[in-house]
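Architecture and fold: a report
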Amino acid sequence: MSRVAYVNGTYVPMNEAYVHIDDRGYQFADGVYEGISVRRGKLVDLEPHLDRLWRSMQELRIAPPMERAPMRFILREVVRRNRINDGFIYMQITRGVARRDHPFPAHSVPAMVVTVKRMDFDASMKRAAEQGVAASSQPDIRWGRCDVKSTSLLPNILAKQAAREAGAFEAVLVDKDGYVTEGSSTNIWMVTKDGKLVTRSTDDNILPGITRQSVKKVAESLQMSIEERKFSLEEVKDAAEMFLTSSTSCATPIVVLDGEKIGDGTPGPVAKRLIEAYQAYMDAGA
Ligand code: PDD
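What comes next concerns the included structure. Residue numbers run consecutively from 1 along every chain, following the written order of its sequence. Only residues with pLDDT of at least 70 get local features here, since the model is predicted, and only at 80 or more are side-chain atom pairs given and counted; chain-wide, interface and lining totals rely on the full set of residues. As a convention, hydrogens and water are excluded, and side-chain values are obtained from all of the structure's heavy atoms.

Brief notes about the layout of surface pockets
The following threshold applies: Lining residues are those with an atom within 4 Å of a point, where the points come from a 1 Å grid over the protein atoms alone and group into cavities, where a 1.4 Å probe fits but cannot get out, or pockets, open sets with protein on both sides within 12 Å along at least five of seven lines. Grid points are joined across faces, edges and corners, and a volume is the space filled by probe spheres set on the points. For helices the rule is a DSSP run of H or I covering at least 4 residues; for strands it is a run of E covering at least 2, with both sets numbered from the N terminus onward. Each domain's extent is set by a domain assignment, obtained either automatically or from a database.
Roughly 900 Å³ of volume is contained in the largest pocket. Lining the largest pocket are 40 residues, with Tyr33, Lys149, Ser184, Ser185 and Thr186 positioned closest to its centre. For the lining of the largest pocket, the element with the most residues is helix H5 (residues 154-165), which contributes five residues. Three or more residues apiece are contributed to the lining of the largest pocket by two domains, here domain 1 (4-119) and domain 2 (125-284).

Comments concerning the packing of helix H6 (residues 210-221) against helix H8 (residues 269-283)
The cut-off we apply is this: The axes used here are C-alpha line fits, helices contributing only the stretch in contact, and every angle between their N-to-C directions lies in the interval 0 to 180 degrees. The cut-offs work like this: below 35 degrees is roughly parallel, past 145 is roughly antiparallel, 65 to 115 is roughly perpendicular, and the gaps in between are oblique. When checking whether two residues touch, look at their non-hydrogen atoms; a contact exists if any pair is within 4.5 Å. In this classification, Asp, Glu, Lys and Arg are treated as charged, Ala, Val, Leu, Ile, Met, Phe, Trp, Tyr, Cys and Pro as nonpolar, and every other residue, Gly included, as polar.
Between H6 and H8, the least distance of the axes is 10 Å, while the angle of their chain directions is 105°. The orientation of H6 relative to H8 falls into the category roughly perpendicular. Judged by residue contacts, Thr211, Ser214, Val215, Lys217, Val218 and Ala219 of H6 engage Leu274, Ala277, Tyr278 and Tyr281 from H8. In the contact of H6 with H8, the residues fall into seven nonpolar, two polar and one charged.

Quick word on the sheet that holds strand S5 (residues 87-94)
Using the following cut-off: Each pair of strands is called paired provided DSSP finds at least two bridges between the two strands.
Strand order in the open sheet formed by six strands is S2-S1-S6-S5-S3-S4, and the pairing between neighbours is antiparallel. Whereas interior strands pair on both sides, the edge strands pair on one side only; in this sheet they are strand S2 (10-13) and strand S4 (42-43). Here two bridges tie strand S3 (residues 31-39) to S4, and the two strands are oriented antiparallel to one another. Bridge pairing in S4 places Arg39 opposite Lys42. Of the strands in this sheet, S3, S4 and S5 touch helix H2 (residues 46-60), which is tilted by about 175° from S3.

Here it is as structure tokens:
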């Protein structure tokens, strides 16, 4: 089946989905994006994702290419045209096409593309709960506005690649003071030995993850105690459990960090409970 993309006003087969070489997204990574899970044909946490997208555009002074209602329609239409049951929808908005020059162009029309890929959440959540993943710590060399979901992802890519070359699934980013910020494309959590869930607060320099927010709600509904604060690499290595959250990875236990076991080196009870509860949250049509 040929995949269909949305590109600036039209639905086109993937092999005809092109953008202009003077698009500022291509030239400068002058754009923002969102990635949203699709579960049983429905977009998970659509409204919080749109809220974050609007905030990212506002922070970078990119004009929204349309209102929210037509955008919702296009996202659902891309899911429908690709016959996606479980998947991941990607949307990107850039400042548009202009002759290459650093300042904002006087006139440009924001460009928007949407693609979707199939995912098997049942299999990946089962694998996560049974096996977990390994992670590798890497220096956080990103800019000072990681709260904006910008397409400028070079430091994230370099960190992820370094982690993969170290045999790990994810990079755990660590700032100059030794504190964990987040993963290269995920938020990071730990469970202390006395059973508290800890994740960094979003007023720090991290992306406010939508899955982070939903897992927090799910954990609260399970009466788990949660602390939002910084934690160091040293502290997390001594934690009872560790896990990551993101739209594509849901909640996934980290069982090994820099070659050292976290807890007993297997997915812990808190993470497993959260995976199950988050799955139920997704299935409830969030
Ligand atoms: N990544 N932190 C970073 C740096 C991210 O890029 C992401 C998302 C997250 C988790 O956010 P959310 O729960 O809203 O997906 C945290 C997406 C999946 C990506 O880049 O593909």
